[in-house]
Structures are given as structure tokens and as C-alpha cells.
Amino acid sequence: MDVVKAVETYVTKMISESSAMKVILLDSHTTPIVSLASTQSTLLSHQVYLTDRIDNTKRDRLPHMKCVCFLQSSDASLEALQAELKEPKYGEYYLYFSNILSKSIIERLAEADEYEVVREVQEYFADYAPLLPSLFSLNYTPSVLNALYGNSPNSWSPEALERSVQGIIAVLLSLKKKPIIRYEKMSGMAKKMATEVHHRIQSESSLFDFRLTQVAPLLIILDRRNDPVTPLLSQWTYQAMVHELLGIQNGRVDLSKVPDVRPELAEITLTTSTDPFFQSHHLATFGELGTVLKDYVQSYQSRSLAQSPSSINSISDMKRFVEEYPEFRKLGGNVSKHVALVGELSRLVEQGKLLEIGEVEQGLATSSGADYKASDMIKDNSISPTHKLRLVILYALRYQKTQAANIASLINLMLQHGVSREDARLVYVFLNIAGTDQRQDDLFSTESLFAKGRSALKGLKGVENVYTQHTPHLSQTLENLVKGRLKETSYPFVESPGPNASLTRPQDIIVFMIGGTTYEKQQLLHFSISKAYLRQVLVLLLVLVQGYLELIRVSAEKFPASVYEPPPESASNAPVLNLNLGGVNVSLGGAQPGVYRSSGEAVGVQADGIRDGVMNLIGKVKQGVDRIAIP
């Protein structure tokens, strides 16, 4: 199952239908889909000489060219297409839509085609953005007007539900899978979506008439609220760090604000399909990046010597030079790109003290012994308010039932050190919507005495020992699933396929995570797939740590006001942060930070050594690259 190849196949079919010169018209939804699945050179090789938007009314009339339209069946796109067909600018039109068309839409198009220029209408189920072969996005950005949740944390916004159902139906059809469906029992949203997807599959049975397999594919729908910890942790793999710290938007990264960046690197393309180095190392940890980048630079340096004028001594040398020079230039540009990228990541990590923060985050997530430093991080004025907030939320999620007084003290402390009241109330929001009583599983029960012992004995083998200790809850869920141990009482079927169905070990697993996931989780799944001989697709709505905080912040505005109040088990010194009550003065209570566990000095020493080593290595690589003249 490869979603990149699935979408790429659809795009190739569209632009191959006619051998004549053509233009392709897209809308705001399909533009990023095509840009991720194809390249400009591929389009040109199929005689696509113009790419434009369907809503651009200033396009020139070119009747000698044929037009391929790939659109979402939204009202805005349909209205723009109807206007286009009533005054056609091209000789022939081939219409392709990203999802299932209703009969009424086809009738609308037929009425608009007064000049009979439409030659073909097809459904091509590329209604999602393929980020990696096993990861895709619905490009859903939560906002006040575009909410994920309804009026409670257990209900859908109708628009978000419909978009999610459409997206997963498109994935299933593009991969030619008719799955059995399971969902997290605690989540009303997961049950609602599972039921809707099942109903849609039944109502479109002719489209899902695929060849039966010995073991049916499985779609499992999970809720982010059952594991709110993972998206709150700092990311430490290459792709995940770039996305968290700089942002990857449909395969492009904006470096225009990076100090002293070269003009040609102000905006770069970063996709695994077009960048061999990124393909090989997008899952590399921050600790590994310095070494692999150094090797990459040295490889370029050796090739640059081979391309120097002194090495050209014969006609055959000239011929070799002409043949290899374009590739050499491309390699030089790629080296420059990754050096600039890793250099900026290094600068941001050092500037924001992210390694120190990551150590404490991992301590809170895994009980490895660094969480006692939380109060020191909050007092540090060089650490951003967002990271302080994330630390307190992690602390509160972990110790909700056992250290209520310390949670209240930390909230008071961060109010004194740069975190606004509006942001601070998100601590209570997380506890009320994703706290211990709301989660189906206990996130922190797996840290047994033996597990702690194994963590302590890992040794100095790399940054991942300290900064990527945390294992997402999804890992345990998938492990139980493939071993036939996932309880049907906790993860029921929408429609049970028969007795002992939960004991069946599926090979094709599609995971839909309501609320989104992170790029870093792909590293875990990458190794899980290779070990268990699985083929998986992980689905997401958004991939961004700050995005998860923003999602909860925006969504909470529609929830009942009680979501901002301290949970019942909170300490008496917990400040009142419900800003909806009017002019309420936040009570700091005069409380001092509580007493925290002081164990884990060995982990701190290990983290310090690794931190210094990584920063020094990346600094040396950058200095080495600066000395190389890249044409």
C-alpha cells in the first residue's frame, strides 16, 4: 500500500488521456495534491504546457489546446467550472473529480456544457495529500470557522466529519481495499466516524467490489485524546524537526527568514520522492544528522575535485564532464540545501534550549528521572512560553491523581514567568478532555521497574537514548493488533466478521487518528512494518506539535465553560483561570513550587555529554561546507 504511487498513477492517467498540447486546471484543494505526486518535468513530458487555477478568470483563450480539469466537487469549484464551460477558453475538456460524484452534480455539468466541449467525466480518488508512501494528510487546518470538534470534545463538527469520511473513502478506493472496521470504544467521535464510513461503503457497494483476500484489510479509527502526550513532545527526527521548527507546507519549506541565507535557498522543496538524501535520512535522529551530513559533504567535495579543470586532459574527459555536470550541479544545490537546513535547525535548537527541554519532556513521558527539572525550565526566561506550557501540561497529565499541589504550583509559577492566563488555562482543558478519567488506556502503566532498568542500561549510543525514549501508545495498540491480542471489548467492530475475529492477524492496516499525529511517529511505524511484515498507512489531519495545542485552543472555545475549570481532584491552591467569567483576578496564592523527584542525575550527565557532542559535530560540518565553493 503506497499512497504516493496511488495518487501519482491517477495524475499520470489524467495527463496521458490526450497526446495533444494541453493545459491542466486545478483548484485550491487539488493543487497541493498534484504538486506532491508529480513534478514539472513529468507534466512537460506529457505535453502539459500550462498549469493554472480554475478560479482564475484572467486566463487567455487558447482554443487549439485541450484542457484537463482535476477538481474537488465543492460548490466553489463547481461554480467556477460551470462558468468556464459556458464560455470555454479551450477546444476540449476532460473533467476529473477527486471523489464520488452525485447524480445532481453530473446533471449540473451537463446543463452547463452548452457548447458540448466536454469529452470525458471521471472519478479519480486522489482526495488526499500523499506526504510519504505510508502517510498522508487531509490538509485540514482547524480554526474557529473550520472546527474539528462540535460543541463538546466527544462530538464532530459536521463539516469535519464529512471531510474525514470523504478522505478515508478516497484512500480505500485508491488502494482498492474494502476493510473491516474497528474503533476505540471510549471515543464517541471514533464510533460515529466508523459507522459513517461503513454506511458509505455499503451504499457504494459497486465501487468496493474488489477481489477478496484471505485476510480482510483492517481500518482502525483512534482518538488523539487517548494519547495526548505524543504530540506534546519535541520532535527529534529530521523531517519531524523541520516541520515543527520551520514548517513543511505541501513539500516546501520557507527559509526566507533564516539569517544570511542565500537567495536561491529562500524557499526549498523537501520531498522524499525528489530528494535522494532526504529519502535516505528523513527518519534520522538529530544525533545522526551531523555524521550523515558530513559524509554527504565529503562525497560532494571528492566529486568537485574530479570536475576541476585540471582533471580534463582528453576528449573523453570533456565528454564525461559534459554528461556529468548537470548531475554535479544538482548535487551541489542539494548539499547547500541540507547544510542550510541542518544549520538552521542547530541554531534554533541551541537558541531555544530544545535539548534541555527535550530531556525534561522525555522524563515526564517515561519516568526516566529528568522531570524534577521542570520548575527550573519554567523559571528560565530564555525558554519560550509555549514550551513552558507544554511542560506543565505533560506534568499535569502524568501526575493528575498524585501530585495535584505540585501541578497548581507549576501553573502559578509559569503565570509569573511569561505564560499568559489565556494559555495557562489550557492545562485544565487538557485534564478535562484528555485526563486520566477520559482516556481509555493508562498511558503510564507500561513503565515497569524492568522497563526503567532497561532504559538506564542503554548506554551512550546516541541522542535517541535520551531524547527519543518515549514510545507512542499507538505502538502498543498495533503490537496487540498484529498479535491478535487487541480486546474487542475496548476496540469493537462496527460489524463483526465472525467468531474470534479479534484473533485474526491482519496484513493491511489503515490507521485513522482523529486529531492528527506527528512525522516522528513514522520512524516507529517504519520499523514495526519491517518486523511484522505489515503494510500500513497512517492517516492524519495535521502534523504539528504547536498545531495540536492550537487545535485544542480553538476547539475549547465552543465547549462548555466548565472545561476551563480545575478538575475535581485539583489542589486548593489551583488558580482560577476561566477567563469566560468576566473580570476575574487570577489568584497566584503565594504558593512556591513543590518538591520534585531529585533522582536521575545519571540521565542528566548522559544528556549533557550527548548534547555537547551533537552540537559540536554539526558545527564542524557547517564550517567544512562553508569552505567548499559550491557553484
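Above this text you will find the structure in question.
On a predicted model such as this, the values are computed, not experimentally measured, just so you know.

So, on to the sheet that holds strand β3 (residues 62–71). In space, the five strands of this open sheet follow the order β2-β1-β3-β4-β5, with parallel pairing throughout. Edge positions in the sheet fall to β2 (48–53) and β5 (118–123), since each of these pairs with one other strand and no more. Each strand of the sheet is rotated relative to its neighbour by a mean of 20°, with strand direction disregarded. As paired strands, strand β4 (residues 90–97) and β5 are joined by five bridges and run parallel to one another. When the sheet's bridge partners are listed, Tyr 94 is paired in β5 with Glu 120. Here helix α4 (residues 75–86) sits on the sheet and contacts β1 (22–26), β3, β4 and β5; the angle it forms with β4, its principal contact strand, is near 160°.

This part takes up the pattern of salt bridges. With the rule as written, the count across this model stands at 22 salt bridges. For Arg 59, the salt bridge goes to Glu 84, with nearest N and O atoms at 2.7 Å. Of this pair, Arg 59 sits in the loop between β2 and β3 while Glu 84 sits in helix α4, and the two are 25 residues apart along the sequence. Assessed through its relative accessible area of 3%, Glu 84 is described here as buried. Across the pair Arg 390 and Glu 361 runs a salt bridge, and its minimum N-O distance is 3.3 Å. Remark: Glu 361 occurs in helix α12 (residues 354–366) and Arg 390 occurs in helix α14 (residues 385–398); sequence separation between them is 29 residues. Taking relative accessible area as the criterion, Arg 390 reaches 0% and is therefore assigned buried. By relative accessible area, Glu 361 is classed as buried at 1%.

Locating Asp 223 in the fold gives a position in strand β9 (residues 218–223). The exposure class assigned to Asp 223 is buried, which follows from its relative accessible area of 2%. Side chain to side chain, Asp 223 and Ser 187 meet in a polar contact 2.7 Å long. Other than its neighbours up to four places away in sequence, Asp 223 contacts Glu 184, Ser 187, Met 189, Met 513 and Ile 514.

Pairing analysis gives three bridges linking strand β6 (residues 129–132) to strand β7 (residues 135–137), with the strands arranged antiparallel. Opposite Pro 130, over in β7, you have Phe 136 as the bridge partner. Here β6 folds back onto β7, and the loop between the two strands holds two residues.

Here the focus is the packing of helix α1 (residues 3–16) against helix α6 (residues 158–175). Viewed as axis vectors pointing N to C, α1 and α6 meet at an angle of 80°, and their least axial separation amounts to 10 Å. With respect to each other, α1 and α6 are oriented roughly perpendicular. Along its contact with α1, which presents Val 3, Ala 6 and Tyr 10, the element α6 presents Leu 173, Ser 174 and Leu 175. Residues that form the contact of α1 with α6 fall into these classes: five nonpolar, one polar and no charged.

The subject of this paragraph is a nonpolar patch on the surface. Taken together, Met 21, Leu 44 and Tyr 49 make up a surface patch of nonpolar side chains, about 290 Å² in accessible area. Here Met 21 is to be found in the loop between α1 and β1. Its relative accessible area of 38% is what places Met 21 among the partly exposed residues.

When we look at burial in helix α5 (residues 103–112), the residues that qualify are Ile 105, Leu 109 and Ala 112. Down the axis of α5, the smallest arc covering the buried residues is 65°, so these residues share one side. Seen from the buried face of α5, the exposed residues on the opposite side, beyond 90 degrees, are Lys 103, Ala 110 and Glu 111. In this structure, the buried residues of α5 make contact with α4 and β4.

Calculation criteria
- Residues numbered from 1 in each chain as written.
- Predicted model: local features only at pLDDT ≥ 70, side-chain atom pairs only at ≥ 80, totals over all residues.
- Heavy atoms only, no water.
- Pairing = 2+ DSSP bridges.
- Helix = DSSP H or I, 4+ residues; strand = E, 2+ residues; numbered from the N terminus.
- Axes fitted to C-alpha atoms, helices over the stretch in contact; angles between N-to-C directions.
- Contact = heavy atoms within 4.5 Å.
- Salt bridge = Lys/Arg side-chain N within 4 Å of Asp/Glu carboxyl O.
- Buried < 20%, exposed > 50% of the residue type's maximum accessible area, 1.4 Å probe, protein only.
- Polar contact = N/O pair within 3.5 Å; in protein donor to acceptor, adjacent residues only side chain to side chain.
- Parallel < 35°, antiparallel > 145°, perpendicular 65-115°, else oblique.
- Nonpolar A, V, L, I, M, F, W, Y, C, P; charged D, E, K, R; others polar.
- Patch = residues over 30% accessible without salt bridge, like charges linked within 9 Å, V, L, I, M, F, W, Y side chains within 5 Å.
- Areas by Shrake-Rupley, 256 points an atom, 1.4 Å probe, with all protein chains shown as cover.
- Arc of directions from axis to C-beta.

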